[in-house]
Amino acid sequence: MKLDAKIPSGPLELKWDKHRSDLKLIAPANKRKCDVIIVGTGLAGASAAASLGELGYNVKVFCFQDSPRRAHSVAAQGGINAAKNYQNDGDSIYRLFYDTIKGGDFRSREANVFRLAQLSLNIIDQCVAQGVPFARDYGGLLDNRSFGGAQVSRTFYARGQTGQQLLLGAYQSMMRQVAHGRVKLYPRTDMLDLVLINGHAKGIIVRDLITGEISSVAGDAVILATGGYSNVFFLSTNAKGCNVSAIYRAYKKGALFANPCFTQIHPTCIPVSGDYQSKLTLMSESLRNDGRIWVPKKPGDTRHPNDIPEDERDYFLERKYPSYGNLAPRDIASRAAKEVCDEERGVGPGGRGVYLDFSEAIKRLGKRKISERYGNLFEMYERITGENGYEQPMRIYPAPHYTMGGLWVDYNLMSNIPGLFVLGEANFSDHGANRLGASALMQGLADGYFIIPYTIGHYFATAKEPKSSVNNPEFKKAEKDVVNMIKKLLSVKGKRSAVSFHKELGRVMWDNVGMTRSRQSLETALKRVPEIRDEFWQNVIVSGVNETLNQDLENTIRIADFLEFAELLALDALEREESCGGHFRVEYQENGEAKRNDEQFAYVAAWEYQGIGNKPILHKEPLYYEYVQMATRSYKSMTDLL
């Protein structure tokens with residue numbers, strides 16, 4: 001299989017404009033004849049539905065939540081990047097592009113990233129026009145703050161609830177199209193399979209989560225905007241409903257899965273407090289603007305943080321990475337926190353935590369100003385921990401968060417399966433081996449508002465595939481496969497809950513495929529995961545029946561997919577014998593920092609499914625850089641400027 005990324009020719013800054021002018025168009029009257037299926041109603045899915053509905057397409061949108069407003073995009077806190085240069089601090093489209101390429105450790109496509117930086121300008125204008133209440137300065141102008149991996153202030157924000165406000169903007173735009181009849185919304189509906197006809201994506205199989213009914217939905221194209229897969233680690237910052245099922249089912253139908261080992265560990269999360277937890281809570285990276293991260297210099301120091309003198313504190317990020325300090329990129333900050341905890345200088349229960357201290361910022365700016373910027377985050381922290389972050393430092397520790405891997409897509413955001421488009425976190429395209437903070441919201445909205453409206457029209461104009469019907473035998477076969485899978489799960493009647501298997505899988509993945517990886521740990525995971533999966537299918541117990549609301553069943557179906565996908569993730573990590581971004585192999589490091597191998601691994605790893613128990617086929621898309629030079633990432637020197 002030859003991977004054609006369809007990257008346009010010409011100068012980098014003109015590629016997208018040239019490509020848009022070269023794309024084939026379809027007339028408005030013909031758009032009304034095209035049926036588009038969208039799975040997911042987060043920022044990518046909702047913005048795509050709103051845009052395509054506005055253009056006149058017939059759109060059907062599916063989400064498993066009771067309302068699109070409950071998509072996990074709502075949990076994004078800190079902000080959204082855009083190269084507006086409102087602060088007059090030297091920002092530009094090129095600088096945002098370079099920061100993103102460098103932050104991803106030179107493992108992302110150059111053309112895709114530059115397009116993302118270009119479109120960031122349009123996104124802010126779009127959202128302001130929708131009424132998104134971005135923070136403003138004293139004079140009423142849009143305000144900005146800094147985020148990790150950047151030396152400029154380019155992050156637009158709405159206190160600590162930016163994702164929620166942006167999602168409301170996309171949601172209201174989508175609901176306007178629902179009111180016009182161009183978009184039909186199907187909440188509480190789970191996608192369980194993809195249907196291909198003549199090699200093209202032509203529909204999906206869904207389960208009504210209230211009645212258990214299995215049904216088919218036919219369309220002329222399918223868009224997956226279903227987010228990431230961090231819940232493979234069980235404990236993560238993702239909502240419990242987040243899962244890999246939609247993109248994994250597409251993978252099993254032939255879609256290539258790219259870079260699954262590129263998973264991000266976020267440095268700013270509330271530490272684990274006990275085995276009873278089912279998820280972790282993110283504290284926004286924006287807090288690192290004013291909070292200083294430190295641990296005691298002396299191992300085993302159990303004094304209250306307010307009792308530890310300044311000269312006995314180690315501000316380790318400021319010490320190790322002076323040019324970026326507490327705003328070092330997420331992968332680097334996370335490993336640095338683990339390192340000091342491994343030295344037995346961690347704080348809190350179990351010694352797995354570091355301090356995030358606002359005392360200096362409160363002294364400099366006043367408590368009122370800090371509250372204006374982050375008040376809801378401080379309130380959330382106190383509700384969870386019982387500690388007042390204004391009066392004593394917060395405790396944080398790294399946790400699984402975002403996933404840079406996803407289904408392989410070309411420049412048009414179409415997978416190797418014609419007619420199957422993948423948007424946002426569900427694809428691999430923009431972030432390489434590590435995502436910079438405040439770039440997830442940027443990608444989701446760029447894909448939905450400004451890219452897919454152009455590229456999906458080109459597909460319809462050139463593919464000219466006949467319309468399909470749910471009466472096609474391929475739909476009937478896919479429905480039967482889904483029904484049989486559910487019957488098989490319900491018939492096992494073992495003694496262990498699905499959650500217990502998920503917890504066991506999560507421990508194996510975190511211990512062996514987490515923040516640090518080695519050949520030995522990855523081989524351990526590849527041995528243990530199939531063993532857990534085999535026991536799952538022999539000993540899982542699913543309560544209830546299919547023909548009703550059954551959250552145990554829907555959760556078990558998703559865990560079954562995680563038990564297969566985890567093996568692919570570990571295999572990809574084993575095959576990539578280098579360290580880059582969030583993928584840190586202990587055998588490949590230099591002075592404690594990631595050591596890339598550009599000669600052998602400067603490629604996108606795209607895996608082709610070959611059946612359970614069989615090793616998938618690896619396809620490689622080489623990564624070429626015309627406008628940036630691959631270099632060792634350094635955030636240490638005060639002169640480390642672009």
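Residues numbered from 1 in each chain as written. Predicted model: local features only at pLDDT ≥ 70, side-chain atom pairs only at ≥ 80, totals over all residues. Heavy atoms only, no water.

1. Focus on the sheet that holds strand β23 (residues 617–622)
Sheets are built from strands that pair by backbone hydrogen bonding, the pairs being arranged parallel or antiparallel. Keep this limit in mind: For two strands to be treated as a pair, DSSP must find at least two bridges joining them. Elements are defined by DSSP. Helices are runs of H or I of four residues or more, strands are runs of E of two residues or more, and each kind is numbered from the N terminus. Every residue pair with non-hydrogen atoms within 4.5 Å of one another is taken to be in contact. Under this scheme, a helix contributes an axis fitted over its contacting stretch, all axes are lines through C-alpha atoms, and angles between N-to-C directions fall in the 0 to 180 degree range.
Spatially, β16-β10-β22-β23 is the arrangement adopted by the 4 strands of the open sheet, whose pairing is antiparallel. Edge positions in the sheet fall to β16 (406–407) and β23, since each of these pairs with one other strand and no more. Note that strand β10 (residues 257–258) and β16 share 2 bridges and pair antiparallel. Residue pairing for β16: F257 is matched across the bridge by L407. Here helix α16 (residues 551–575) sits on the sheet and contacts β10 and β22 (603–608); the angle it forms with β22, its principal contact strand, is near 145 degrees.

2. What about helix α5 (residues 110–130)?
For the record, the criterion: Helix span is expected to be 1.5 Å times the residue number reduced by one. Fitting one axis to the seven residues ending at a residue and another to the seven starting there, the bend at that residue is the angle between the two axes. Three labels apply to residues, based on accessible area from a 1.4 Å probe with only protein chains included: buried if under 20% of the type maximum, exposed if over 50%, partly exposed otherwise in between.
Over its 21 residues, α5 runs 30 Å from end to end, which matches the ideal 30 Å to within 8%, given 1.5 Å per residue. Of all the bends in α5, the largest measures some 30 degrees and sits at L119. Most of α5 sits inside the fold, with 15 of its 21 residues counted as buried.

3. A closer look at the packing of aromatic side chains
Definition in use: Pairing of aromatic rings covers Phe, Tyr and the six-membered ring of Trp, with a centre-to-centre limit of 6.5 Å; geometry is then stacked below 30 degrees between planes, edge-to-face above 60, and tilted otherwise. In this scheme, Lys NZ or Arg CZ marks a charge over a ring once it lies within 6 Å of the ring centre and within 35 degrees of the ring normal.
Inspection of the entire model under this criterion finds 28 aromatic pairs. Feature note: the residues Y229, Y248, Y251, F257, F565 and Y609 constitute an aromatic cluster, connected by ring pairs. Over the ring of Y315 we find R292; its NZ or CZ atom is 3.8 Å from the centre of that ring. Lying across the ring of W537, K488 places its NZ or CZ 4.6 Å from the centre.

4. As for helix α13 (residues 473–492)
Using the following cut-off: Distance and chemistry together define a polar contact, namely a pair of N or O atoms within 3.5 Å, with one atom able to donate a hydrogen and the other to accept it when in protein, and with adjacent residues in sequence counting only for side-chain atoms on both sides.
With 20 residues, α13 extends 29 Å from end C-alpha to end C-alpha; this agrees with the ideal 28 Å at 1.5 Å per step. All buried positions along α13 are accounted for by F475, A478, E479, V482, M485, I486, L489, L490 and V492. For α13, the capping residue at the N-terminal end is N472, with a side-chain oxygen 2.9 Å from the backbone nitrogen of E474. Once α13 finishes, K493 follows within two positions and takes phi at roughly 50 degrees, a positive value.

5. A look at the pairing of strand β2 (residues 58–62)
Operational definition: With the strands pointing away from the viewer, any crossover whose connection runs clockwise from the first strand over the helix to the second is right-handed.
By the bridge criterion, 5 bridges tie strand β1 (residues 35–39) to β2 in an arrangement that is parallel. Looking across to β2, one finds that I37 is bridged to K60. Note that the unit made of β1, helix α3 (residues 43–55) and β2 has a crossover that is right-handed. One ladder, built from 4 bridges, connects β2 with strand β5 (residues 183–186); its direction is parallel. Paired with V59 across the two strands is V183, which belongs to β5.

6. Thoughts on the nonpolar core
Let me state the cut-off plainly: Put simply, a nonpolar core is a bunch of buried Ala, Val, Leu, Ile, Met, Phe, Trp, Tyr and Cys residues held in one set by side-chain atoms that sit within 4.5 Å of each other. Boundaries between domains were set according to an automatic or database domain assignment.
Ranked by internal contacts, the top residues of the largest apolar core, which has 155 residues, are I80, L194, I204, L224, L407, L420 and I456. With 14 residues, α16 is the single largest residue contributor to this core. Counting only domains with at least three residues in this core, you end up with domain 1 (12–264 + 402–463) and domain 3 (473–602). If we ignore the near neighbours within four places in the chain, the residues touching I80 are I123, I124, F134, R154, T155, F156, T162, L166, A438, L441, M442 and L445. Y321, A333, A336 and F378 belong to the second largest nonpolar core, which has 33 residues in total.

7. What about the pattern of salt bridges?
Convention followed: Think of a salt bridge as a Lys or Arg side-chain nitrogen and an Asp or Glu carboxyl oxygen that are within 4 Å of each other.
If you walk through the whole model with that rule in mind, you get 56 salt bridges. Across the pair R558 and D190 runs a salt bridge whose closest N-O atoms are separated by 3.1 Å. Residue R558 is located in helix α16, and its partner D190 is located in strand β6 (residues 189–197); the two are separated by 368 residues in the primary sequence. Comparing R558 with D190 shows no difference in burial state: the two are buried.

8. Quick look at the domain arrangement of the protein chain
A common way to express how large an interface is: the accessible area buried when the components associate. Put simply, the test is: Once two parts are brought into contact, the accessible area they lose, counted with a 1.4 Å probe and summed over both, makes up the buried area.
Structurally, the protein chain comprises domain 1 (12–264 + 402–463), domain 2 (268–399) and domain 3 (473–602). For domain 1 versus domain 3, the separation of C-alpha centres amounts to 24 Å. Residue-level contacts link 48 residues of domain 1 with 49 residues of domain 3. Taken over both partners, the interface formed by domain 1 and domain 3 buries close to 3900 Å², and the fraction arising from carbon and sulfur atoms is 62%. Across the contact surface, domain 1 and domain 3 share 6 salt bridges.

9. Considerations on unusual backbone geometry
In the Ramachandran plot, R188 falls in the positive-phi region, its phi being about 50 degrees despite a non-glycine side chain. Considering the arrangement of structural elements, one finds R188 in the loop between β5 and β6. A relative accessible area of 38% means that R188 is categorised as partly exposed.

10. Remarks on the sheet that holds strand β8 (residues 214–218)
The strand order across the open sheet built from 3 strands is β6-β7-β8, with neighbouring strands paired in antiparallel fashion. With partners counted over all chains shown, the strands left at the sheet margins are β6 and β8, one partner each. Strand-to-strand twist across the sheet, computed as the mean angle between neighbouring axes with direction ignored, equals 30 degrees. Summarising the sheet, β6 and strand β7 (residues 200–208) pair through 8 bridges and their orientation is antiparallel. Along β7, the bridge assignment pairs L194 with I204.

11. Some thoughts on the side chain of S579
Structurally, S579 can be placed in the loop between α16 and β20 (589–590). Side-chain polar atoms of S579 contact the backbone oxygen of R585, separated by 2.8 Å. Each residue touching S579, except ones within four places of it in the same chain, is listed here: D105, F584, R585, Y588, A594, K595 and R596.

12. Thoughts on the packing of helix α14 (residues 498–513) against helix α15 (residues 519–539)
Operational definition: Between 65 and 115 degrees an angle is taken as roughly perpendicular, under 35 as roughly parallel, over 145 as roughly antiparallel, and anywhere else as oblique. Classification used: nonpolar for Ala, Val, Leu, Ile, Met, Phe, Trp, Tyr, Cys and Pro, charged for Asp, Glu, Lys and Arg, polar for all others including Gly.
At a minimum axis distance of 9 Å, the contact between α14 and α15 shows a crossing angle of 175 degrees. Taken together, the axes of α14 and α15 lie roughly antiparallel to each other. Only S521, L522, T524, A525, R528, V529, I532, E535, F536 and N539 of α15 make contact with α14, whose side of the interface consists of A498, F501, E504, L505, V508, M509, N512 and V513. Grouping the amino acids of the contact of α14 with α15 by side-chain chemistry returns 11 nonpolar, 4 polar and 3 charged.

13. Things to note about the environment of E564
Structurally, E564 can be placed in helix α16. Classification of E564 as buried rests on a relative accessible area of 9%. Considering only alpha carbons, one finds E564 and K253, 311 residues apart in sequence, at a separation of 14 Å. What E564 contacts, discounting residues up to four positions off in sequence, is Y248, K252, R533, Y609 and I612.

14. Examining the packing of helix α7 (residues 245–252) against α16
The following threshold applies: The hand of a helix crossing depends on one turn: near helix anticlockwise from the far one by less than a right angle means left-handed, and clockwise means right-handed.
Direction vectors running N to C along α7 and α16 enclose 60 degrees, while the axes themselves pass 10 Å from each other. Regarding the angle of α7 to α16, the classification is oblique. Crossing of α7 over α16 shows left-handed handedness. When α7 is examined against α16, the residues S245, Y248, R249, Y251 and K252 are found in contact with a partner set consisting of I557, R558, D561, E564, F565 and L568. Per-class residue counts for the contact of α7 with α16 are 5 nonpolar, 1 polar and 5 charged.

15. Here's the deal with the environment of Y315
On the secondary structure map, Y315 appears in the loop between β13 (313–314) and α8 (316–320). Between the C-alpha atoms of Y315 and V295, which are 20 residues apart in sequence, the distance is 6.8 Å. Filtering out sequence-adjacent residues up to four positions away, Y315 remains in contact with R292, I293, W294 and E310. There is a polar contact of 3.0 Å between the side chain of Y315 and the side chain of E310.

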